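An overview of the molecular structure
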Amino acid sequence: MAALDWTERWNEVERLSRNWRDRLSTRFSKNSYLRWLRELLGAPSLERDNLGAHSYARVHLVACADAQDQPWSHLIFAGLNDETWPAFEDELAFVRDEQIEELNRQNTTLNRRASKRGRQGEGHWSVREGKTLLLGPNEQRQIRRRQFLNLVESVSAGLGVSASLYSEATPSRIANPSEFFSWLYFNAHARGVSQQTLHSLEEQTRDWLKDWSPVDAQKIDSISVGRTRYAFDARRQLRPAGEYEFALRSPSDEEKSLRVTQWEQALRWPAIVWMEIFLGVTPDDGDSDAWAVATGQWVHRWLADSVGNGGDRKFVDVNRAEQIRERISKHARELRERVAALCANRSKRLPDWWRSGWSNALYIADCLAAKVCDLHDWSAMGVEWPLKEPTLIPLSENQTLRVRGRIDLILARRKSKESRIGYEDLWVIDYKTGRQRGFKLKELRRNDTPKRKFHKQLIDGRGVQLALYALAVHALGADDVQLTLLSPAEQLEPQFRLADVLAQKNFWSDVHRMQETGVFGMLGPIHADFGFVGKYPLATLPIDTDLLEEKWALTHPAFVLEEEGQAK
């Protein structure tokens, strides 16, 4: 080693043999000693070092064992030749493969004692704590095959496979592809790999790489990474939201109209609403509360069907409220009978959990309908009243909001021919089947005002839907509008009025600016340890929430609560 100038290697050999070389009296063969040296010194690195662990790296070079238990979009299996990977089984330094097999045959009882059933159940075995198994070539081959198949199954987009045509040890000899290469090729093309196939693949690869230049690839990569880095930095600068922060670079030529529920969500999760409106992607609601959704749909459907003309923009006599309760019960029973018949056709009983959920929905619908029965000073009502597509809400001479939606319940009195909706005095009610509370503008904290409290509720995303309904019916001719967010636990009483909505001019002006410019921005965390956070339909890097609040204030000044001193 000194003659070859392998000083570092000799220092490593001396360090590792220092504790046993003077104590070892048994002679061993030169082949065993050379195998030990190969195990010790012949271990080249197949992985990237820390300098190559860049978060924007497009290709990661890892060994097969280190690629396990991770999801991959693309994988490239390099060097699938018999003599390259998977490599032939290397014998241990002092124990031959034959000796390992013989040792395992002689100690089957000990091996059984050292193993136990794994967590996956029958057929899965693991090693007990404090024990180990000496694996032979057969066991290593099984493990390597299982690792390879796991990697193949972890790929979501595509696989790339490479193998050498000629042997590295003997360049004049054709290198045989490994069984994995042959298996993948057969699954892709439904035919085996012959010598002619290998030559054809090699020729196609040469044609594919002929016009490729590594210099051009480096330029493309540097431009791509540079743009990504620029966007990364731009999103973290203290300035209003720009084109990299869920905002259009220039206003869209297409006039967008949002549902009133989307405007309410835009104050909580603006980025998610922006992606839905301008990119057409929506979150996957597979993890949402299915019972809450079903209860809301059933209650609204029963209330609409009980009137008979829900959705037709017609008012009916409010004295029919008792009949409505009877019809709600009838429609609910019909649904239960249909589901029970469906279960009977499958020789199953109607589940108790379904009966419980159905009973809860019927109770909520009856409670909401019962609250209308005592309103003798109102003459007419409209259920599930649809707004036009879109409804135009004038805010000023140059500002018009475009909204879509459906009002749960409208109570009306004082007919008017001048009003396009037919009445001057309206009471707009929005049903909530969950635990959402109504609005109590009269209960104020110290030094607070109703206007400031209502503004705080709007910027928190509460009451935006009802407020837009009030502006919509006001645009249709209603002069006096009172509004209520009604849940089963709430009393049916006015909670705020049209005047409270019209007083928030700056708020509605900023909403209009969002509509026209397409500049939404981002707010809140992407993930939360506690509570519900909207799920993003696209991969999005998190940003410090304090910085997002500051950028939100710069982007939408009207969506920020004034300090108490300023409010005075």
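Summarised in this report is the structure supplied together with it. No experiment lies behind these values; they were computed from the predicted model shown.

This paragraph deals with the overall build of the protein chain. Helix and strand counts for the protein chain stand at 19 helices and 13 strands. Across the 568 residues that make up the protein chain, the buried fraction comes to 35%. Here the protein chain has roughly 36200 Å² of accessible surface; of this, 49% comes from carbon and sulfur atoms.

Right, let's talk about empty space enclosed by the protein for a bit. The final tally for this structure, using the stated rule, is 4 cavities of 30 Å³ or more. Of the voids in this model, the largest cavity is the one considered here, and its volume is about 90 Å³. What lines the largest cavity is a set of 11 residues, and nearest its centre among them are Ile324, Ala369, Val372, Met381 and Tyr431. Mapped by element, the contributors of at least two residues to the lining of the largest cavity are α11 (290-307), α12 (321-345) and β7 (380-386).

Before going further, it helps to spend a moment on helix α10 (residues 270-279). The buried fraction of α10 amounts to 8 of the 10 residues, a majority that puts the element mostly inside the structure. Restricting attention to buried positions, one finds in α10 the residues Pro270, Ala271, Ile272, Val273, Trp274, Met275, Ile277 and Phe278. Looking one or two residues beyond α10, the residue adopting positive phi is Gly280, at roughly 75°.

Attention shifts here to the sheet that holds strand β5 (residues 258-259). Spatial ordering of the open sheet is given by β5-β9-β8, a layout of 3 strands whose pairing is mixed. Taken across any chain shown, the strands that pair with only one partner, and hence form the sheet edges, are β5 and β8 (391-394). As paired strands, β5 and strand β9 (residues 400-404) are joined by 2 bridges and run parallel to one another. When the bridges of β9 are listed, Leu258 appears paired with Val403. Sitting on the sheet, helix α15 (residues 464-475) is in contact with β8 and β9, with an inclination near 90° to β8.

Quick look at the pattern of salt bridges now. One pass over the full model with this rule turns up 18 salt bridges. Between Glu254 and Lys256 there is a salt bridge, with its nearest N and O atoms 3.4 Å apart. A residue is classified by how much of its surface remains accessible, and Glu254, at 52% relative accessible area, is exposed. Since its relative accessible area comes to 18%, Lys256 is described here as buried. Connected through salt bridges with shared partners, the residues Asp377, Arg413 and Asp425 form a single ionic network.

Attention shifts here to the sheet that holds strand β12 (residues 480-486). Here we have 6 strands laid out as an open sheet, ordered β6-β7-β10-β11-β12-β13, and mixed in their pairing. Two strands in the sheet have a free side with no partner beyond their single neighbour: β6 (316-317) and β13 (496-497). Of the pairings in the sheet, the one linking β12 to β13 comprises 2 bridges and is antiparallel in character. What sits directly across from Gln482, in β13, is Arg497.

Here we come to a negative patch on the surface. A surface patch of like charges, here negative, comprises Asp544, Asp546, Glu549 and Glu550. In this fold, Glu549 is placed in helix α18 (residues 545-555).

Once that is clear, we can look at the nonpolar core. Ranked by internal contacts, the top residues of the largest apolar core, which has 62 residues, are Trp263, Leu468, Val501, Phe507, Trp508 and Phe559. Counting residues per element, this core draws most heavily on α15, at 9 residues. Beyond its immediate chain neighbours, meaning those up to four positions away, Leu468 contacts Val260, Trp263, Ile393, Leu401, Val403 and Trp508. Trp354, Ala369, Met381 and Tyr431 belong to the second largest nonpolar core, which has 35 residues in total.

Parameters at a glance
- Residues numbered from 1 in each chain as written.
- Predicted model: local features only at pLDDT ≥ 70, side-chain atom pairs only at ≥ 80, totals over all residues.
- Heavy atoms only, no water.
- Helix = DSSP H or I, 4+ residues; strand = E, 2+ residues; numbered from the N terminus.
- Buried < 20%, exposed > 50% of the residue type's maximum accessible area, 1.4 Å probe, protein only.
- Areas by Shrake-Rupley, 256 points an atom, 1.4 Å probe, with all protein chains shown as cover.
- 1 Å grid on protein atoms, 1.4 Å probe; cavity = no way out; pocket = protein on both sides within 12 Å on 5 of 7 lines; lining within 4 Å.
- Points joined across faces, edges and corners; volume = space filled by probe spheres on them.
- Pairing = 2+ DSSP bridges.
- Contact = heavy atoms within 4.5 Å.
- Axes fitted to C-alpha atoms, helices over the stretch in contact; angles between N-to-C directions.
- Salt bridge = Lys/Arg side-chain N within 4 Å of Asp/Glu carboxyl O.
- Patch = residues over 30% accessible without salt bridge, like charges linked within 9 Å, V, L, I, M, F, W, Y side chains within 5 Å.
- Lys, Arg positive; Asp, Glu negative; His and termini not counted.
- Charge placed at Lys NZ, Arg CZ, Asp CG, Glu CD.
- Core = buried A, V, L, I, M, F, W, Y, C linked by side-chain atoms within 4.5 Å.

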